[in-house]
Amino acid sequence: MEKKLVYTGKTKDVFALDNGKYGKGILNNTKIKFVLGLDIEKEREQVANELNLSDSERQNIASYQRGDALLIANRNHIEINITASENEDKVVTTDPEKLKKYYGSQATEKRGYYI
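Residues numbered from 1 in each chain as written. Predicted model: local features only at pLDDT ≥ 70, side-chain atom pairs only at ≥ 80, totals over all residues. Heavy atoms only, no water.

Caption draft 1: Region of the structure containing the overall build of the protein chain. Secondary structure assignment for the protein chain yields six helices and three strands. Residues counted as buried form 24% of the 115 residues belonging to the protein chain. The long-range share in the protein chain, meaning contacts at least 24 apart out of those at least 6 apart in sequence, stands at 36%. Of the roughly 9,000 Å² that the protein chain leaves accessible, carbon and sulfur atoms contribute 49%. (Helix = DSSP H or I, 4+ residues; strand = E, 2+ residues; numbered from the N terminus. Buried < 20%, exposed > 50% of the residue type's maximum accessible area, 1.4 Å probe, protein only. Contact = heavy atoms within 4.5 Å. Areas by Shrake-Rupley, 256 points an atom, 1.4 Å probe, with all protein chains shown as cover.)

Here it is, written out as structure tokens:
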């Protein structure tokens with residue numbers, strides 16, 4: 001039975017332990033990776049070097065906006081944009097304006113958000 005693992009974390013945390021040995025192991029043993037925007041050059045270079053990213057991919061991840069990502073599946077690298085549907089957005093948003101729109105002020109207080 002194949003075991004599945006999902007890891008999310010800050011880049012500096014992935015490479016922090018034992019001079020990056022564990023972070024490299026995690027990256028090298030996952031079939032599918034999502035690289036989100038990395039604005040800190042040192043972190044971007046660590047990830048880019050470990051994943052053998054092209055020069056253009058290195059530049060692009062520096063400027064990714066919300067929803068932009070580099071999807072790496074085996075040796076395939078694809079730039080994608082992920083946009084939540086309205087139903088998904090209703091569940092996960094923390095944007096005060098959207099919360100007012102979706103639920104009104106009373107409902108946002110019930111969800112634990114105060115506008």
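Caption draft 2: Spotlight on the pattern of salt bridges. Overall, the coordinates contain two salt bridges when judged by the stated rule. Among the salt bridges present, the one from glutamate 45 reaches arginine 58, with a minimum N-O distance of 2.7 Å. Of the two residues, glutamate 45 is situated in helix α3 (residues 41-51) and arginine 58 in helix α4 (residues 55-62); the sequence distance between them amounts to 13 residues. With its nearest N and O atoms 3.3 Å apart, the salt bridge here joins lysine 98 to aspartate 89. Given the relative accessible area of 35%, lysine 98 is considered partly exposed. (Salt bridge = Lys/Arg side-chain N within 4 Å of Asp/Glu carboxyl O.)

Caption draft 3: Fine view of a nonpolar patch on the surface. The grouping of Ile32, Phe34, Leu36 and Ile82 at the surface amounts to a nonpolar patch, some 430 Å² of accessible area in total. Tracing the chain through its elements places leucine 36 in the loop between β1 (32-35) and α3. (Patch = residues over 30% accessible without salt bridge, like charges linked within 9 Å, V, L, I, M, F, W, Y side chains within 5 Å.)

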